[in-house]
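The residues making up each chain are set out below.
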Amino acid sequence: MITMDDIVREGHPTLREKAADVVLPAAAEDKETLTKMIEFIINSQDPEISSKYGLRPGIGLAAPQLGVSKRMIAIHVEDDGEVYSYALFNPKIVSHSTQKNYLAGGEGCLSVDREVPGYVPRYAKITVKSVDLEGKEVKIRLKGLPAIVFQHEIDHLNGIMFYDHINPDDPFRELEDAIVIE
Ligand code: UDB
Ligand code: ZN
């Protein structure tokens, strides 16, 4: 199983690379990595497993965080009583709102062992096209926290860290017409 020791941290070059498309249909090795990624996220949210193995409770993970420069993401997050659980190859944002949103508490990252204060503006609504573990094409419409997690993970595939989006002059500058997520 994946543990925190497998997660590369800030400074690792893979986190700043543009990850390669996964060749589809996916090879067994890529399916295995992606399966382990979603298992890690679900495990990390289990209080017993997370305390036993010292996992940070995660809601998303991208393959570059394992030092694997391929376009794969795993997300498991609850919002409004709904569970958004996805293990995806080659995710792509095909449309988005002009309106933005952001987490009132800012963002963190499993690959960042420090607090970086500030608002991280994201698109409030996105539509993502991708391929799931079964090889099926999926089209997913998202808003709120799930939309933020998808954008954070897809950023990792492009070598972008959450703090790249923080206004360096005024990290907590109010964004016009943005939805604040508490
Ligand atoms: C996380 N979790 O998993 F708004 F119920 C973070 C960590 C780094 C703090 C573990 C998180 O933000 N949980 C959370 C947020 C809420 C409400 C709630 C739980 N990640 C995943 C990551 O680093 N992926 O690369 C960071 C998140 C910041 C915004 C989206 C992903
Ligand atoms: Zn991250």
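In the block above lies the structure referred to throughout.
In this report, the structure presented in the accompanying data block is examined. (Residues numbered from 1 in each chain as written. Chains lettered and ligands numbered in written order. Predicted model: local features only at pLDDT ≥ 70, side-chain atom pairs only at ≥ 80, totals over all residues. Heavy atoms only, no water.)

We now examine the sheet that holds strand β7 (residues 137-143). Within a sheet, neighbouring strands are paired by backbone hydrogen bonds and run either parallel or antiparallel to one another. Pairing within the open sheet is antiparallel, and its 5 strands lie in the order β1-β2-β3-β6-β7. A single partner strand is all that each edge strand has here, and the edge strands are β1 (60-62) and β7. Direction aside, the axes of adjacent strands within the sheet are offset by 40 degrees on average. Here helix α1 (residues 28-44) sits on the sheet and contacts β1, β2 (72-79) and β3 (82-96); the angle it forms with β2, its principal contact strand, is near 25 degrees. In the packing of helix α3 (residues 144-157) onto the sheet, the strands contacted are β1, β2, β3, β6 (125-132) and β7, and the crossing angle to β2 comes to about 165 degrees. (Pairing = 2+ DSSP bridges. Helix = DSSP H or I, 4+ residues; strand = E, 2+ residues; numbered from the N terminus. Axes fitted to C-alpha atoms, helices over the stretch in contact; angles between N-to-C directions. Contact = heavy atoms within 4.5 Å.)

Helix length check: α3 (14 residues) gives 21 Å between terminal C-alpha atoms against 20 Å at 1.5 Å per residue, within 8%. Backbone geometry just downstream of α3 places Gly159 in the positive-phi region, at approximately 75 degrees. (Expected span 1.5 Å × (residues − 1).)

This part covers the pairing of β6. Within a regular strand, side chains alternate between the sheet's two faces. When you tally the buried positions in β6, you get 6 out of 8 residues, the bulk of the element. Alignment of β3 against β6, held across 6 bridges, turns out to be antiparallel. Of the residues in β6, the one forming a bridge with Ser95 is Thr127. (Buried < 20%, exposed > 50% of the residue type's maximum accessible area, 1.4 Å probe, protein only.)

Bringing the sheet that holds strand β5 (residues 122-123) into the picture now. Taken together, 3 strands build an open sheet; the order of strands is β5-β4-β8 and the sheet is mixed. Looking at the sheet topology across the chains shown, the edges are occupied by β5 and β8 (179-181). Relative to β5, strand β4 (residues 100-103) is paired through 2 bridges, and the arrangement is antiparallel. Looking at the pairing, Lys100 lines up with Tyr123 of β5.

All right, on to the packing of aromatic side chains then. Enumeration according to the criterion identifies 4 aromatic pairs in this entry. A ring pair is formed by Tyr86 and Phe150, whose centres lie 5.7 Å apart and whose planes are at 70 degrees; its orientation type is edge-to-face. Of this pair, Tyr86 sits in strand β3 while Phe150 sits in helix α3, and the two are 64 residues apart along the sequence. Judged by its relative accessible area of 25%, Tyr86 is partly exposed. Arranged with centres 4.3 Å apart and planes meeting at 40 degrees, the rings of Tyr102 and Tyr119 form a pair that is tilted. Note that Tyr102 is positioned in strand β4 and Tyr119 in the loop between β4 and β5, a separation of 17 residues in sequence. (Phe/Tyr/Trp six-rings, centres within 6.5 Å; stacked < 30°, edge-to-face > 60°.)

On to the nonpolar core, then. One finds Ile73, Leu142 and Phe150 to be the most contacted residues of the largest nonpolar core, which totals 21 residues. Among the secondary structure elements, those contributing two or more residues to this core are β2, β3, β6, β7 and α3. Tallying contributions element by element places α3 first for this core, with 7 residues. Here Leu142 is in contact with Tyr84, Ala124, Lys125, Ile126, Val128, Ala147 and Phe150, once residues within four sequence places are set aside. With 20 residues, the next largest nonpolar core counts Met37, Phe40, Leu55 and Leu61 among its residues. (Core = buried A, V, L, I, M, F, W, Y, C linked by side-chain atoms within 4.5 Å.)

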